[in-house]
Amino acid sequence: MLKVEDWAEICRLRRAEGVPLKEISRRLGVARNTVRAALNSDRPPKYERAPRGRVADAFEPQIRGLLNEWPTMPAPVIAERIKWPYSMSPLTKKLAKIRPEYVGIDPVDRVAYEPGQITQCDLWFPETRVQVAPGQQRVLPVLVMTLGFSRFLTAVMIPTRQGGDILAGMWSLISGIGRVTHTLVCDREAAIGGSGKVTALAAAFAGTLATKIKLAPPRDPEYKGMVERNNQFLETSFLPGRQFASPTDFNQQLAEWLERANARTVRSIQGRPVDLLETDRQAMIALPPFAPPIGLTQRVRLGRDYHVRVDTVDYSVDPQVIGRFVAVTAMPDTVTAICDGHAVAHHQRSWVKQAVVTDPVHAATAARMCQALALDRQRRQAATRQHSDGHAVALRALPDYDALFGVDFDPASTTKASSE
């Protein structure tokens, strides 16, 4: 089966760079029919990753001890010193992950970005708590995106830092611009690429848009300095003196402020982001006619309590589908459940922690079902035979009467008794 990463790369090479099918087949080492099938599909292929062990974790203290003294020590020498008993692949991956902590300062040069080339993405966690329910306030993440050429700034508050919510926020901001850059630079957020490799969910998102997600090096905020500076800009220029009644109120105030922020003159580009945005857009990739895979999704069998859990909140589902599988999709503002192609739940998403959201219609349906079951049980009990004094007649098993009258209708036992 074609991997999600290969499918995403095929879509990017064909739609973003116009590479011929034959060249894509040669580069990726797949058949041309496989390339055609990938381009004709509007959804990524499903697959299961083989579990990977982490045998290097037990040796990490020894590795770090050596790197602390000799940061550039080669992997074969480290393997010899720690008496490494396995193949070199797990060790080299571990070294690639932790060696940057010990190699010292790595100067960088200034970069000039071409129109439509790059967008930097990051999560900002404002200190001001947002009220999500009476008596409950939370610190919620804000997804911030900055276009490299025009420095155009966009941002939106999202409910969680889970992959589906981050990608839903990205799609909201990208669709607001109307096009997407050729590369999206993201931090190594666990849901996007915490292991140093883009997750399948993020790769499917990028492949659908024909763009590419590039992960920033670990512990290197300068790699995406534009968006990091904009995070500070939001912290010092937008946040002070503001109060927010809800996440919706936060996003409304943020949208109004961003209009003024993008109309200011940015010294590094000697212009206003709003004026350079159209030049940036013309070099970007057109969006597909369908939305990429976003949101939190799960498929569960509905239990007797007719509620499903999304994040930490329980949402009610039509109790008539108890015991059947339902597909639940949670967007930042809505939660829906589908069973056999029919909608069985639709709620406004709650950003509260440990809450229960119940549709009154679902509760009334459950009450009617319980009442009908109780009436059915009463009818069954009423059908039981009773004596004249009102108590129920006991129904005994037929073998009890055989034993009472001393008869045996078992031919085998009768024949045995006769022979004796």
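As the structure is a computational prediction, the values presented were derived from the model and not from experiment.

> I'd like to hear about the overall build of the protein chain, residue by residue, with values.
Counting its regular elements, the protein chain contains 15 helices and 16 strands. For the protein chain, the proportion of its 420 residues judged to be buried stands at 40%. Considering only contacts within the protein chain whose residues lie at least 6 apart along the sequence, 62% involve residues at least 24 apart. Counting only carbon and sulfur atoms, one obtains 52% of the accessible surface of the protein chain, whose full area is about 24,500 Å².

> So what's going on with the sheet that holds strand β4 (residues 142–147)? Which residues, and what values?
The strand order across the open sheet formed by 5 strands is β5-β4-β1-β7-β8, and the pairing between neighbours is mixed. Only two strands of the sheet have a single neighbouring strand rather than two, namely β5 (153–157) and β8 (212–215). Across the sheet, the mean angle separating the axes of adjacent strands is 25 degrees when strand polarity is ignored. Across 3 bridges, strand β1 (residues 118–124) lies against strand β7 (residues 183–186) in parallel orientation. Bridge pairing links I118 to T183 in β7. Each of β1, β4 and β5 is contacted by helix α11 (residues 247–261), which is oriented at about 170 degrees to β5, the strand it contacts most.

> So what's going on with the pairing of β5? Residues and values would help.
Of all 5 residues making up β5, 5 are buried, and the element is well covered by its neighbours. Across the two faces of β5 the burial is the same, with L153, A155 and M157 and T154 and V156 all buried. Relative to β5, β4 runs antiparallel, the two being bridged by 5 bridges. Looking at the pairing, V144 lines up with A155 of β5. Linking β4 back to β5 in an antiparallel pair, the connection comprises 5 residues, with R151 at a positive phi of about 60 degrees.

> Describe the packing of aromatic side chains, and please don't skip the residues or the numbers.
Throughout the structure, instances matching the rule amount to 7 aromatic pairs. Geometrically, the ring pair formed by F238 and W257 is tilted, given 5.5 Å between the ring centres and 55 degrees between the ring planes. Taken together, the residues F238 in helix α10 (residues 225–238) and W257 in helix α11 connect sequence positions 19 residues apart. Relative accessible area serves as the criterion here: at 0%, F238 is assigned to the buried category. By relative accessible area, which is 7% here, W257 ends up buried. Ring pairs connect the aromatic residues F233, F238, F244, F250 and W257, which therefore count as one cluster. The ring centre of W70 lies 5.9 Å from the NZ or CZ of R81, which sits over that ring. Note that R299 overlies the ring of F325, its terminal NZ or CZ placed 4.2 Å from the centroid.

> Just give me the short version of the packing of helix α7 (residues 163–177) against helix α9 (residues 200–209), but keep the residues and values in it.
Running from N to C, α7 and α9 point in directions that differ by 20 degrees, and their axes come no closer than 10 Å. Considering their axes alone, α7 and α9 lie roughly parallel with respect to each other. For the pair α7 and α9, the sense of crossing is right-handed. Here G163, G164, L167, M170, W171 and I174 of α7 come into contact with α9, specifically with L201, A202, F205 and L209. Tallied by class, residues from the contact of α7 with α9 come to 8 nonpolar, 2 polar and no charged.

> Tell me about the pairing of strand β2 (residues 130–133), and please be specific about residues and values.
Summarising the sheet, β2 and strand β3 (residues 136–138) pair through 3 bridges and their orientation is antiparallel. Each residue of the ladder has a partner; that of A133, found in β3, is Q136. With antiparallel pairing between neighbouring strands as the criterion, β2 and β3 make up a hairpin whose turn holds 2 residues, including G135 at a positive phi of roughly 85 degrees.

> Now, about empty space enclosed by the protein: what can you tell me, with residues and values included?
According to the stated counting rule, one finds 3 cavities of 30 Å³ or more in the structure shown. Taken as a whole, the largest cavity holds about 70 Å³ of empty space. Taken together, T119, M145, L147, T154, L173, I174, I177, R179, V180, T181, L184 and M284 make up the lining of the largest cavity. For the lining of the largest cavity, the elements supplying multiple residues, two or more each, are β4, α7 and β6 (179–180).

> I'd like a description of the side chain of R349, backed by residues and values.
Along the polypeptide, R349 turns up in the loop between β15 (342–348) and β16 (356–357). Judged by relative accessible area, which is 9%, R349 ranks as buried. A distance of 2.8 Å separates a polar atom in the side chain of R349 from a polar atom in the side chain of D165. From its side chain, R349 meets the backbone oxygen of M331 in a polar contact 3.2 Å long. Residues in contact with R349, not counting those within four places in the same chain, are P159, T160, D165, L296, D311, Y315, A330, M331, P332, D333, T334 and V335.

> Tell me about the sheet that holds strand β12 (residues 313–316), and name the residues and values.
Within a sheet, neighbouring strands are paired by backbone hydrogen bonds and run either parallel or antiparallel to one another. In spatial order, the strands read β11-β12-β16; together these 3 strands make up an open sheet with mixed pairing. Edge positions in the open sheet fall to β11 (307–310) and β16, since each of these has one partner strand only. As judged from the 2 bridges shared by β12 and β16, these two strands associate in the parallel manner. For D314, the partnering residue across the bridge sits in β16 and is V356.

> Account for unusual backbone geometry, with residues named and values stated.
Notably, A210 is not glycine yet its phi reads approximately 65 degrees, a positive angle. Within the secondary structure layout, A210 lies in the loop between α9 and β8. Looking at A210, the relative accessible area reads 0%, which means it is buried. Positive phi values are uncommon outside glycine, yet D340 reaches one of about 50 degrees. Residue position: D340 is located in the loop between β14 (334–339) and β15.

Reading the values: the criteria
Residues numbered from 1 in each chain as written. Predicted model: local features only at pLDDT ≥ 70, side-chain atom pairs only at ≥ 80, totals over all residues. Heavy atoms only, no water. Helix = DSSP H or I, 4+ residues; strand = E, 2+ residues; numbered from the N terminus. Buried < 20%, exposed > 50% of the residue type's maximum accessible area, 1.4 Å probe, protein only. Contact = heavy atoms within 4.5 Å. Areas by Shrake-Rupley, 256 points an atom, 1.4 Å probe, with all protein chains shown as cover. Pairing = 2+ DSSP bridges. Axes fitted to C-alpha atoms, helices over the stretch in contact; angles between N-to-C directions. Phe/Tyr/Trp six-rings, centres within 6.5 Å; stacked < 30°, edge-to-face > 60°. Lys NZ or Arg CZ within 6 Å of the ring centre and 35° of its normal. Parallel < 35°, antiparallel > 145°, perpendicular 65-115°, else oblique. Left-handed = near helix turned anticlockwise from the far one by under 90°. Nonpolar A, V, L, I, M, F, W, Y, C, P; charged D, E, K, R; others polar. 1 Å grid on protein atoms, 1.4 Å probe; cavity = no way out; pocket = protein on both sides within 12 Å on 5 of 7 lines; lining within 4 Å. Points joined across faces, edges and corners; volume = space filled by probe spheres on them. Polar contact = N/O pair within 3.5 Å; in protein donor to acceptor, adjacent residues only side chain to side chain.

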